[in-house]
Protein chains: 2
Amino acid sequence: MEVVFTFNIKDHQKENLRKTFRDVTFHFDEKMEGTKMETATVIVTYGDDVDDGALDRAKSLKWLMVASAGMEKIPFASIAKQEILLTNVRGIHKTPMAETVLAHILALKRSLPLIYERQKNKEWSRNHSSSELKGSTAIILGPGAIGSEIGRLLQAFDVRTIGCNRSGRDCASMDEIILFADLESRLPDADYVISVLPSTPETKGLLTEAHFDSMKDSAVFMNFGRGDLLDEEILIKALKTGKIGHAVLDVFQTEPLPVENELWTLPNCTVSPHVSSLSGKYVDRALILFEENLVKFQNGGADLVNRIELDKGY
Amino acid sequence: MEVVFTFNIKDHQKENLRKTFRDVTFHFDEKMEGTKMETATVIVTYGDDVDDGALDRAKSLKWLMVASAGMEKIPFASIAKQEILLTNVRGIHKTPMAETVLAHILALKRSLPLIYERQKNKEWSRNHSSSELKGSTAIILGPGAIGSEIGRLLQAFDVRTIGCNRSGRDCASMDEIILFADLESRLPDADYVISVLPSTPETKGLLTEAHFDSMKDSAVFMNFGRGDLLDEEILIKALKTGKIGHAVLDVFQTEPLPVENELWTLPNCTVSPHVSSLSGKYVDRALILFEENLVKFQNGGADLVNRIELDKGY
């Protein structure tokens, strides 16, 4: 059986895979256009290089692993038609993403951007408006693996956590669960509104001007999910008119964020270049998941972890 | 009975005190040199204005409350001689201080200073070395109320916490306790070395060059206790030669930190102007403690919370 990676991994990681799976032939750092794809039973990719043409050429493909959580570019119809198993690495982002969200929340609460600026000017000033996270309330849009990890950490800081999802089903580390439909009426309670929602037909444009109108004027809006959750113009207006206090954005409607976009320069907006899930431990975690699934795949392919339901897209 | 504050509080806070203690006469925002001090039974101060002369004039003084945790300037000998009860507000700093420590740790781990700089240049770059706090090890020098709160939050991030104190006595939220004497041998384990030690004869100069030699070259040293814990020249040398990775300092040998001090400009040093304990909720918390102790004082003065043992200085 041939397994082809379209990205490279470290030598000790390759060696480990070859030692564990002696009956498998591994190829690394191959281009999706290359000839290796024609005989590959399994392809492991970050997802950007998968299209209908690639799937046409991959005639032996039975399982496609996308080592990323975002699946927007994946041609689901072709995958369904060719009966290819599809998995991603949902969940391995939870630690770096939750730590990133907490980093931004605490940095703002404790005035770190101001402290960094004043250091550059050698300015010793104790005049700032630092406050405490303790006792705040956060609404988390999308309380799945990542959202629940954010909730768990926020609860350690005595923050009340309100998860918001489509189904109303219970989720870990949430003091309360509300429906998307009830979001607008509950936004006035929130000091933090944090989205980690994926991009699906239901989440595109989910947040409207009415939602931002309902937020506290001190509220911090954080988008760590996908940029199409809202029309950026609505957010820019809310920031400029002081309808909300601050935004921290790791995702945008267009990435990289164009230099002419006003979000770059608004004083109450933090622009992060889609890095919240990056971590030195990322590939190691992805490989653990891959190995677990490769054993299952060799045993018939039932119960693959993080298998994508092709009709839902996540 | 007369109670004199040498600082001002908000009107609703004054009203609340007068309503709760109808038999007490309160004065606020009085100078320590003023005549009100001569008849004061209780003086509440931030501590900077207390000296032998002030104590001489305060002939009726029975209880001095210092609404601060640092007691360096307090003339203990005179207080002991005049048999004045002395209390501070130890513990009310724990929430803002622990949140500040976590803010700095996470901001560094998730590259926030770099992200802020790149935003100014509208630079979309995903090239950085963000990693995860999870799985790290922290040594906390002074695992009292504040240190334990830091430990509690670190443990929520799956950080191993090692408390280091004089006595070896057990402390909350520490996976392990070690003695000051064993610190040097355990420093090679630590990713974070965090001091919240007060200034006492035992802690002055406690950290030596040998300690910095023993730290990991990636270690982050954080001083949120007092600046006289170490000779700053040793720290500057450790930072410049890469013996340690980074320092975050909220306290210094001389405050404000003189403009000519090299710490201001070292790229791997964060200078914070002694603000880690500031919080919009500070005075409210101090007053809760004051009221609790005023009731005890009126009932004879036994068991005052946070009473200072004059021979130890803390």
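Keep in mind that this is a model prediction, so the values were computed, not measured. (Residues numbered from 1 in each chain as written. Chains lettered and ligands numbered in written order. Predicted model: local features only at pLDDT ≥ 70, side-chain atom pairs only at ≥ 80, totals over all residues. Heavy atoms only, no water.)

Caption draft 1: Seen up close, the pattern of salt bridges. If you walk through the whole model with that rule in mind, you get 32 salt bridges over all chains. Between Arg152(B) and Glu149(B) there is a salt bridge, and its shortest N-O distance comes to 3.0 Å. Taken as a pair, Arg152(B) and Glu149(B) lie in helix H6 (residues 145-156) at a separation of three residues, close to a single helical turn. Here Glu149(B) falls in the buried class, since its relative accessible area comes to 12%. One salt bridge in this structure joins Glu209(B) and Lys243(B), with 3.6 Å as the shortest N-O distance. Note that Glu209(B) is positioned in helix H8 (residues 209-214) and Lys243(B) in the loop between helix H9 (232-240) and strand E11 (246-249), a separation of 34 residues in sequence. According to the relative accessible area criterion, Lys243(B) is partly exposed, its value standing at 26%. Through salt bridges with shared partners, a single network forms among Glu117(A), Lys120(A), Glu117(B) and Lys120(B). (Salt bridge = Lys/Arg side-chain N within 4 Å of Asp/Glu carboxyl O. Helix = DSSP H or I, 4+ residues; strand = E, 2+ residues; numbered from the N terminus. Buried < 20%, exposed > 50% of the residue type's maximum accessible area, 1.4 Å probe, protein only.)

Caption draft 2: Summary view of the UniProt feature "domain: D-isomer specific 2-hydroxyacid dehydrogenase NAD-binding" (unreviewed entry) in chain A. In this structure's numbering, the residues bearing the UniProt feature "domain: D-isomer specific 2-hydroxyacid dehydrogenase NAD-binding" (unreviewed entry) are residues 102-276 of chain A. As annotated, residues 102-276 of chain A comprises 27% helix and 17% strand, and the C-alpha atoms at either end are separated by 11 Å. (UniProt positions renumbered as here; feature names shortened; annotations may be inferred.)

Caption draft 3: Structural context of the UniProt feature "domain: D-isomer specific 2-hydroxyacid dehydrogenase catalytic" (unreviewed entry) in chain A. Annotation from UniProt places "domain: D-isomer specific 2-hydroxyacid dehydrogenase catalytic" (unreviewed entry) at residues 7-300 of chain A. Helix makes up 32% of residues 7-300 of chain A and strand 15%, with an end-to-end C-alpha separation of 26 Å.

Caption draft 4: Representation of the side chain of His27(B) in the model. All names here are of chain B. In this fold, His27 is placed in strand E2 (residues 25-27). Of the polar contacts made by the side chain of His27, one reaches the side chain of Glu2; its length is 3.3 Å. Not counting residues up to four positions away in its chain, the partners in contact with His27 are Glu2, Val3, Val4, Phe5 and Lys36. (Polar contact = N/O pair within 3.5 Å; in protein donor to acceptor, adjacent residues only side chain to side chain. Contact = heavy atoms within 4.5 Å.)

Caption draft 5: Just the packing of aromatic side chains, in detail. If you walk through the whole model with that rule in mind, you get 24 aromatic pairs over all chains. Here the aromatic rings of Phe5(A) and Phe290(A) are separated by 5.4 Å at their centres, their planes lie at 75°, and the arrangement is edge-to-face. Taken as a pair, Phe5(A) in strand E1 (residues 2-5) and Phe290(A) in helix H10 (residues 282-298) lie far apart in primary sequence, 285 residues in all. Phe290(A) sits in the buried class, given a relative accessible area of 0%. Where Phe7(B) meets Tyr46(B), the ring centres are 4.1 Å apart and the plane angle is 15°; that geometry is what we call stacked. On the criterion of sequence distance, the pair formed by Phe7(B) in the loop between strand E1 (2-5) and helix H1 (11-20) and Tyr46(B) in the loop between strand E3 (42-45) and helix H2 (52-57) is long-range, its members being 39 residues apart. (Phe/Tyr/Trp six-rings, centres within 6.5 Å; stacked < 30°, edge-to-face > 60°.)

Caption draft 6: The sheet that holds strand E4 (residues 63-66) of chain B, seen in detail. All names here are of chain B. Taken together, five strands build an open sheet; the order of strands is E2-E1-E3-E4-E5 and the sheet is parallel. Here the strands that pair on one side only, and so sit at the sheet edges, are E2 and strand E5 (85-87). Within the sheet, the average angular offset between the axes of one strand and its neighbour, ignoring direction, is 15°. As judged from the three bridges shared by E1 and E2, these two strands associate in the parallel manner. From the neighbouring strand, Glu2 faces E2, where its bridge partner is Thr25. Sheet strands touched by helix H10 (residues 282-298): E1, E2, E3, E4 and E5. Its angle to E4, the strand with the most contacts, is close to 165°. (Pairing = 2+ DSSP bridges. Axes fitted to C-alpha atoms, helices over the stretch in contact; angles between N-to-C directions.)

Caption draft 7: Representation of unusual backbone geometry. All names here are of chain A. Along the chain, Glu255 connects to Pro256 via a cis peptide bond; the corresponding omega equals -5°. As for its position among the elements, Pro256 is in the loop between strand E11 (246-249) and strand E12 (269-271). Positive phi outside glycine occurs at Ser111, with the angle close to 60°. Position of Ser111 relative to the elements: it lies in the loop between helix H4 (94-109) and helix H5 (112-120).

Caption draft 8: Expanded view of the interface of chain A and chain B. With 57 residues of chain A at the interface, the matching set in chain B holds 57 residues. Surface buried jointly by chain A and chain B totals about 5,000 Å² across both partners, of which 59% is contributed by carbon and sulfur atoms. Contact with chain B buries area across many residues of chain A, yet Gln119(A), Trp124(A) and Glu132(A) alone supply 16% of it, more than any other trio. The interface formed by chain A and chain B holds four salt bridges in total. Glu117(A) serves as the salt-bridge partner of Lys120(B), at 2.4 Å between the closest nitrogen and oxygen. When contributions to the side of chain A that touches chain B are tallied by element, the ones reaching two or more residues are H4, H5, helix H6 (145-156) and E12 of chain A. Partitioned by chemical class, the residues of the side of chain A that touches chain B number 26 nonpolar, 16 polar and 15 charged. (Buried area = accessible area lost by both parts, 1.4 Å probe. Nonpolar A, V, L, I, M, F, W, Y, C, P; charged D, E, K, R; others polar.)

Caption draft 9: Representation of the relation of the copies chain A and chain B. Under the fitted operation, chain A is carried onto chain B by 0.0 Å of movement along the axis and a turn of 180°, and the coordinates agree to an RMSD of 0.1 Å. Accordingly, the operation relating the two chain copies is best matched by a two-fold axis. Among all residues of chain A, the minimum C-alpha distance to the rotation axis is found for Ala103(A), at 2.9 Å. An overlap of 100% is found between the interface residues of chain A and their copies at the interface of chain B, pointing to a shared contact surface. (Least-squares fit on C-alpha atoms with pLDDT ≥ 70 in both.)

Caption draft 10: Broad picture of the environment of Ser173(A). All names here are of chain A. Position of Ser173 relative to the elements: it lies in the loop between strand E7 (160-165) and strand E8 (176-179). In sequence terms Ser173 and Asp231 are 58 residues apart; their C-alpha atoms lie 29 Å from each other. Among all residues touching Ser173, those that are not within four sequence positions of it are Ser148, Gly151, Arg152, Gln155 and Thr161.

Caption draft 11: Seen up close, the sheet that holds strand E10 (residues 220-223) of chain B. Residues and elements named next belong to chain B. The seven strands are arranged E8-E7-E6-E9-E10-E11-E12 in an open sheet whose pairing can be described as parallel. A strand with exactly one partner marks an edge of an open sheet, and here the two such strands are strand E8 (176-179) and strand E12 (269-271). On average, each strand axis in the sheet is tilted by 15° relative to the strand beside it, whichever way the strands run. As paired elements, E11 and E12 share three bridges and run parallel to each other. Counted as the bridge partner of Ala247 is Cys269 from E12. Across the face of the sheet, H6 comes into contact with strand E6 (137-141), strand E7 (160-165) and strand E9 (192-195) while running at roughly 170° to E6. Against the sheet, H9 engages E10, E11 and E12, with an angle of about 145° to E11.

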